[in-house]
Amino acid sequence: MIPLPRIDPPLINASGILSYPEVFTAFESAGACLGGYVTKSVGPREKPGNENPVVVYPPEGAVLNSLALPTQSAEDWERDLEEIKLKNAKLIVSVYGGDAGEFAGVTRRMSRFGDAIEVNLGCPNKEPGEQTIMESIGQNPALSAEVIERVRDETDKPVIAKLSPNSDYLAVAESCMNAGADALGCGNTLGPGLAVDIRSRAAILAGTTGGISGPALKPINLRMTYEAYARFRCPIVAYGGIETWEDAVEYILAGAGVLGIGTAFMRKSTHEAAALTRDIWEGIQEYLDGEPMSALIGAAHRAAEGGDSHA
Ligand SMILES: Cc1cc2nc3c(=O)[nH]c(=O)nc-3n(C[C@H](O)[C@H](O)[C@H](O)COP(=O)(O)O)c2cc1C
């Protein structure tokens with residue numbers, strides 16, 4: 001297995017939120033405590049995604065998005081990534097495609113820019129007439145393995161298989177690990193879910209349904225992290241409703257070594273988002289009280305097994 005690069009501090013943005021190169025540079029100037037940046041998922045070709053509205057903020061602590069993977073062309077990504085100069089932070093390139101060959105093609109072009117490649121197996125949004133990645137690949141262990149195998153052949157960088165919570169994710173994870181993944185991403189958005197406008201009496205999102213992220217997703221992806229760590233004891237990058245240092249510590253205790261922040265950055269300026277990363281990192285460090293973070297990763301399992309909890 002190829003180890004993940006040292007991501008220090010172990011905080012990153014989640015793909016799709018503040019995830020273009022010019023924002024990474026702005027984050028650095030704003031003093032963000034992010035040890036790595038993840039690009040918006042790069043696909044085989046430019047894709048407009050759905051019309052607005054593509055995001056809804058229902059009051060229940062969930063966010064719904066139906067962006068359907070809008071992305072600039074691979075040529076534009078190459079130009080932008082060629083230019084980016086990060087001081088210390090690592091760059092993770094997120095990739096997607098419609099089939100294993102497309103995933104491989106994008107990885108071939110993007111591999112030289114990334115310190116790691118994150119494979120998006122779980123986006124639950126679609127443009128009209130499309131099948132989602134989650135439906136076409138991420139819920140199928142054999143097809144997910146084929147994608148990882150082809151991606152593995154195209155890069156010498158560590159490969160993170162980012163799972164869908166809407167799947168038999170341990171079966172998918174097992175196939176991905178056997179196919180050469182080095183780490184698991186736990187995980188993408190849930191659903192999709194629905195929001196209805198009671199005045200217009202219609203679905204709010206232009207794509208009708210949308211992937212669920214934010215606080216409502218946390219217990220689900222936390223469980224995925226816990227179960228994946230119990231089964232594979234592999235490096236885990238966790239995503240889902242991380243808004244505070246306490247959320248981050250829960251994921252670390254469940255088994256995550258890197259924490260991704262997505263929805264908590266939405267509706268914030270780069271400066272506000274950078275301040276949030278500082279608060280989260282300070283809180284984690286105070287909680288650690290001098291202990292190395294490695295001692296805490298997966299500690300909830302040791303507690304469950306009757307061992308030292310370090311808590
Ligand atoms: C607006 C939006 C766009 C997203 N785009 C992507 C994407 O391009 N690729 C991907 O792998 N995940 C994407 N995601 C999923 C996030 O990376 C993350 O896994 C998920 O939102 C859970 O984390 P959060 O609750 O902190 O947002 C997107 C999520 C949102 C809300």
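Here the structure is shown first, and the text comes after it.
Residues numbered from 1 in each chain as written. Predicted model: local features only at pLDDT ≥ 70, side-chain atom pairs only at ≥ 80, totals over all residues.

1. Let's talk about the pairing of strand 6 (residues 116-120)
Right, on to step 1. For strand 6, the tally of buried residues reaches five of five residues, placing the bulk of the element in the interior.
Right, on to step 2. Side chains Ala116, Glu118 and Asn120 project from strand 6 onto one buried face, and the interleaved Ile117 and Val119 project onto a second face that is buried too.
Right, on to step 3. Where strand 5 (residues 90-95) lies against strand 6, four bridges are found, and the strand directions are parallel. Among the inter-strand pairings, valine 93 is bridged to a residue of strand 6, identified as isoleucine 117.
Right, on to step 4. Pairing analysis gives four bridges linking strand 6 to strand 7 (residues 159-162), with the strands arranged parallel. Residue pairing in the sheet places isoleucine 117 in a bridge with valine 159 of strand 7. (Buried ≥ 20, exposed ≤ 12 C-beta atoms within 10 Å, placed from the backbone. Helix = DSSP H or I, 4+ residues; strand = E, 2+ residues; numbered from the N terminus. Pairing = 2+ DSSP bridges.)

2. Quick look at unusual backbone geometry
Right, on to step 1. With omega at -5 degrees, the peptide bond leading from aspartate 8 into proline 9 counts as cis.
Right, on to step 2. Geometrically, the link from cysteine 186 to glycine 187 is a cis peptide bond, its omega value of 0 degrees lying close to zero.
Right, on to step 3. Structurally, glycine 187 is set in the loop between strand 8 (183-186) and strand 9 (190-194).
Right, on to step 4. Phi is positive for leucine 18, close to 45 degrees, though the residue is something other than glycine.

3. Quick word on helix 8 (residues 245-254)
Right, on to step 1. Of all 10 residues in helix 8, eight are buried, a share of seventy percent or more.
Right, on to step 2. Where helix 8 is concerned, the buried positions are Asp247, Ala248, Val249, Glu250, Tyr251, Ile252, Leu253 and Ala254.
Right, on to step 3. Of the surrounding secondary structure, the elements contacted by the buried residues of helix 8 are helix 7 (218-232), strand 13 (236-239), strand 14 (258-261), helix 9 (270-288) and helix 10 (299-304).
Right, on to step 4. Among the residues trailing helix 8, glycine 255 stands out with phi positive, at a value near 140 degrees. (Contact = placed C-beta atoms within 7 Å.)

4. As for the sheet that holds strand 9
Right, on to step 1. Within the open sheet, the four strands sit side by side as 3-4-12-9. Their pairing is antiparallel. The sheet terminates laterally at strand 3 (55-56) and strand 9, the two strands that pair on one side only.
Right, on to step 2. Pairing analysis gives three bridges linking strand 9 to strand 12 (residues 209-213), with the strands arranged antiparallel. Bridge pairing links glycine 193 to glycine 210 in strand 12.

5. Remarks on the nonpolar core
Right, on to step 1. Counting 87 residues, the largest nonpolar core has Val119, Ile148, Ala161 and Leu184 as its most contacted members.
Right, on to step 2. Dropping the residues within four chain positions of it, alanine 161 is found in contact with Val119, Leu121, Ile148, Ala173, Cys176, Ala181, Leu184 and Gly185.
Right, on to step 3. One finds Ala62, Val63, Leu190 and Ile212 within the second-largest nonpolar core, a separate group that totals eight residues. (Core = buried A, V, L, I, M, F, W, Y, C linked by C-beta atoms within 7 Å.)

6. Details of the packing of helix 3 (residues 100-110) against helix 5 (residues 141-154)
For any two helices packed against each other, one specifies the crossing angle of their axes together with the interaxial distance.
Right, on to step 1. At their nearest, the axes of helix 3 and helix 5 sit 8 Å apart, and the two run at 25 degrees to each other. Our classification of the angle between helix 3 and helix 5 gives roughly parallel. Crossing angle aside, the handedness with which helix 3 passes helix 5 is right-handed. On helix 5, the residues touching Ala100, Gly101, Phe103, Ala104, Thr107 and Arg108 of helix 3 are Glu146, Val147, Arg150, Val151, Asp153 and Glu154. (Axes fitted to C-alpha atoms, helices over the stretch in contact; angles between N-to-C directions. Parallel < 35°, antiparallel > 145°, perpendicular 65-115°, else oblique. Left-handed = near helix turned anticlockwise from the far one by under 90°.)

7. Some thoughts on the packing of helix 6 (residues 169-178) against helix 7
Right, on to step 1. Closest axis-to-axis distance for the helix 6/helix 7 pair is 11 Å, and the angle between their directions is 45 degrees. Viewed along their axes, helix 6 and helix 7 adopt a mutual orientation that is oblique. The hand of the helix 6/helix 7 crossing is right-handed. Of the residues in helix 7, those in contact with Tyr169, Leu170, Ala173 and Met177 of helix 6 are Met224, Glu227, Ala228, Arg231 and Phe232.
Right, on to step 2. When the residues that make up the contact of helix 6 with helix 7 are grouped by side-chain class, the tally is seven nonpolar, no polar and two charged. (Nonpolar A, V, L, I, M, F, W, Y, C, P; charged D, E, K, R; others polar.)

8. Structural notes on the pairing of strand 12
Right, on to step 1. Buried residues dominate strand 12, accounting for four of its five residues.
Right, on to step 2. Where strand 4 (residues 63-65) meets strand 12, three bridges bridge the pair, whose relative direction is antiparallel. Note on strand 12: the bridge partner recorded for leucine 64 is isoleucine 212.

9. Things to note about the site of the ligand
Right, on to step 1. Surrounding the ligand, one finds 27 residues, the nearest of these being Ala14, Gly16, Ser213, Gly262 and Thr263.
Right, on to step 2. Here the residues of the shell around the ligand sort into 11 nonpolar, 14 polar and two charged. (Near = placed C-beta within 6 Å.)

10. Looking at helix 1 (residues 21-29)
Right, on to step 1. Within the sequence span of helix 1, burial applies to Pro21, Phe24 and Phe27. All buried residues of helix 1 lie within an arc of 110 degrees about the axis, which places them on one face of the element. Among the exposed residues of helix 1, those pointing more than 90 degrees away from its buried face are Glu22 and Ser29.
Right, on to step 2. Here the buried face of helix 1 lies against strand 2 (36-38), helix 2 (74-83) and helix 9.
Right, on to step 3. One or two residues past the end of helix 1 sits glycine 31, with phi positive at roughly 75 degrees. (Arc of directions from axis to C-beta.)

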